[in-house]
Structures are given as C-alpha cells and as structure tokens.
Amino acid sequence: GSMNLLNNIRLRNKMFLVYFLGVIAPIILTNAIFYNIITQNVREQRINDIDRAVEQIKNEFRLMVDQAVGLSSFFYADYKTNEVLNMDFTYTEDYVEAYDMYLRSILNNYSPFSSSLQNKTIYVDNPTLLTSGNIGILSDEVREEAWYKFWLKDASSQPLFVRIEEPDGRFQSFSLLRRMDYFAD
C-alpha cells in the first residue's frame, strides 16, 4: 500500500515533500488567513470612515439649512427691512439713501450665516426699488424661472427648501424660499 509507495520515492523527493507539507503549505495557509482578516478589517475601517464622513456632511448640511431658515426668519420678521422694501421711492436717490442707511448693513452684516450661504436675494414687486446688492425685482424673467413656478404652487410664509437645476438637469444649488408676508395687511 501506501508504505510501499513512500519506499519507492527517492530521498530527495521525500525531503521536498516534508519541506512542502511542513514549511510551504503552512506559510501559504497562514498568509491566506492573515490576508483575509486584514482585508476584512480594512474594508470595515473604510466603511466606518465613509459612514462618519456621511454623518458629518449630513450634520453640516442640516446646520446650513437651519442657518438659512434663521436668516429668512430674521428678514421675515424684521419690521425695518419690510418697511423700506414697501416704501414708494419717487426718486432713485431716496432709495439709494435708504438702502445705504439700512439695508446694505443688514444684508451684508447679518453674518453669522453669510459664510455658508452663497447669496441671499430678497425679490420685491415694488417697481420703485432698484435691482442691486441683495435686492431683486420680481421681473417676468424671474417669474419664468423653474424654482419660482415650483414655489408658487403653494407659496407660503413657511420656508420651502428646493433643489435648483441647470437647464440641462445638472445640479446647480439648493435654495430656501419664503414669502415675506409677516407685515402684510
């Protein structure tokens, strides 16, 4: 039987067999086991890192939305801002003066939030105001914008968070829209 088989093998081959079973095979086996354990650990570490990054992005995003809501609430309920925006300015220089005296500083310096927000625009349907700084006139072009039409469906004083896209459908920005009717009669 098998004893006979081993007797017929040359000594050199027997030594090679012992070497292979005693040294090479265990090395290959332990390497395979270590490799599997290490790749598994690396994968888990990667997944944990990604989870943490996603969590951080989520928190930063939520913070930005909160800041945008806070900023919109400030302008929504700020009497002076609303007063200036609703005045009838017969002369352009009167508006420029009112803008300089009040709106410019409030729009630029209300800055706990301005860092994370790309821009803030108050759109008005008051034709005696000028499009400037952060004031925009509700023109026909603005009324044709997709975001404006979307917002109009239920335009409310509740903040509405929207994703704005380029004409070709690519992501452009997120915006928070809100009707400023706090002081409306």
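This text goes with the structure placed above it.
Residues numbered from 1 in each chain as written. Predicted model: local features only at pLDDT ≥ 70, side-chain atom pairs only at ≥ 80, totals over all residues. Heavy atoms only, no water.

Undergrad: Tell me about the overall build of the protein, and please be specific about residues and values.
TA: When helices and strands are counted, the protein shows six helices and four strands. Its helices and strands taken in sequence order, the protein reads α-α-α-α-β-β-α-α-β-β from the N to the C terminus. Dimensions of the protein along its principal axes, counting C-alpha atoms only, are 115 × 30 × 25 Å. Each of the 185 residues in the protein was classed as buried or not, and the buried ones make up 22%. A separation threshold of at least 6 residues defines the contact pool for the protein, and within that pool the share at least 24 residues apart is 52%. Summed over its atoms, the accessible surface of the protein is roughly 13800 Å², and 57% of this surface lies on carbon and sulfur atoms. For the protein, the centre of its 18 positive side-chain charges and the centre of its 24 negative side-chain charges are spaced 22 Å apart. (Helix = DSSP H or I, 4+ residues; strand = E, 2+ residues; numbered from the N terminus. Buried < 20%, exposed > 50% of the residue type's maximum accessible area, 1.4 Å probe, protein only. Contact = heavy atoms within 4.5 Å. Areas by Shrake-Rupley, 256 points an atom, 1.4 Å probe, with all protein chains shown as cover. Lys, Arg positive; Asp, Glu negative; His and termini not counted. Charge placed at Lys NZ, Arg CZ, Asp CG, Glu CD.)

Undergrad: Could you give me a rundown of helix α2 (residues 11-77), with the residues and numbers involved?
TA: At 3.6 residues per turn, the α-helix brings residues three or four places apart onto the same side. Between its terminal C-alpha atoms α2 stretches 97 Å, which fits the 99 Å expected from 67 residues at 1.5 Å a residue. Its maximal kink placed at Phe20, α2 deviates by approximately 40°. Among all positions in α2, only Gln67, Ala68, Leu71, Ser72, Phe75 and Tyr76 are buried. (Expected span 1.5 Å × (residues − 1). Bend = angle between axes of the 7 residues up to and from the residue.)

Undergrad: Tell me about the nonpolar core, residues and numbers included.
TA: Among the nonpolar cores identified, the biggest contains 18 residues, and Leu85, Leu103, Leu107, Ile122, Leu129 and Ile135 are the most heavily contacted of them. For this core, the secondary-structure elements that each account for two or more residues are α2, α3 (79-86), α4 (92-109) and β1 (122-124). Residue contributions to this core peak at seven residues, all from α4. Residues contacting Ile135, with those up to four places away along its chain left out, are Leu85, Tyr95, Tyr99, Leu103, Leu107, Thr121, Ile122, Val124, Leu129 and Leu130. (Core = buried A, V, L, I, M, F, W, Y, C linked by side-chain atoms within 4.5 Å.)

Undergrad: So what about the packing of aromatic side chains? Which residues, and what values?
TA: Counting across every chain of the model gives 13 aromatic pairs. Note on Phe74 and Phe75: the rings are 5.3 Å apart at their centroids and 75° apart in plane angle, and the pair reads as edge-to-face. Ring geometry for Tyr79 and Phe183: centres 5.4 Å apart, planes at 75°, overall edge-to-face. One end of the pair, Tyr79, is in helix α3; the other, Phe183, is in the segment after β4 (171-177), and 104 residues separate them in sequence. On the accessibility criterion, Tyr79 (52% relative accessible area) is exposed. Ring-pair connections join several aromatic residues into one group, and the members of that group are Phe61, Phe161, Phe171 and Phe174. Lying over the aromatic face of Tyr102, Lys80 brings its terminal NZ or CZ to 5.9 Å of the ring centre. Here the basic side chain of Arg178 rests over the ring of Tyr76, its NZ or CZ set 4.3 Å away from the ring centre. (Phe/Tyr/Trp six-rings, centres within 6.5 Å; stacked < 30°, edge-to-face > 60°. Lys NZ or Arg CZ within 6 Å of the ring centre and 35° of its normal.)

Undergrad: Can you lay out a nonpolar patch on the surface for me, pointing to particular residues and giving the numbers?
TA: Residues Leu6, Phe16, Leu17, Tyr19, Phe20, Leu21, Val23 and Ile27 make up a contiguous nonpolar surface patch of roughly 750 Å² in combined accessible area. Take the nonpolar patch: its biggest share by element is seven residues, from α2. Accessibility expressed as a relative area gives 41% for Leu17, which makes it partly exposed. (Patch = residues over 30% accessible without salt bridge, like charges linked within 9 Å, V, L, I, M, F, W, Y side chains within 5 Å. Salt bridge = Lys/Arg side-chain N within 4 Å of Asp/Glu carboxyl O.)

Undergrad: Give a detailed account of the environment of Leu5, specifying residues and quantitative values.
TA: With respect to the element layout, Leu5 can be found in helix α1 (residues 2-7). C-alpha separation for the pair Leu5 and Val18, spaced 13 residues apart in sequence, amounts to 15 Å.

Undergrad: Any chance you could break down the side chain of Asn126 for me, citing the residues and the numbers?
TA: Within the secondary structure layout, Asn126 lies in the loop between β1 and β2 (135-137). A distance of 2.6 Å separates a polar side-chain atom of Asn126 from the backbone oxygen of Met87. If sequence neighbours within four positions are ignored, Asn126 has contacts with Leu85, Asn86, Met87, Asp88 and Ile137. (Polar contact = N/O pair within 3.5 Å; in protein donor to acceptor, adjacent residues only side chain to side chain.)

Undergrad: I'd love a proper account of α3, names of residues and values included.
TA: When α3 is considered as a whole, its buried residues turn out to be Thr81, Asn82, Val84 and Leu85. The buried side chains of α3 occupy one side of the element, clustering within an arc of 165° when seen end-on. Of the exposed residues in α3, the ones pointing more than 90 degrees away from its buried face are Tyr79 and Asn86. (Arc of directions from axis to C-beta.)

Undergrad: Talk me through the side chain of Ser157; I want residue IDs and the actual numbers.
TA: Inspection of the secondary structure puts Ser157 in the loop between α6 (146-152) and β3 (160-165). Here the side chain of Ser157 touches Tyr76 through a polar contact of 3.5 Å, side chain to side chain. With near-sequence residues (within four places) excluded, Ser157 lies in contact with Tyr76, Arg178, Arg179 and Asp181.

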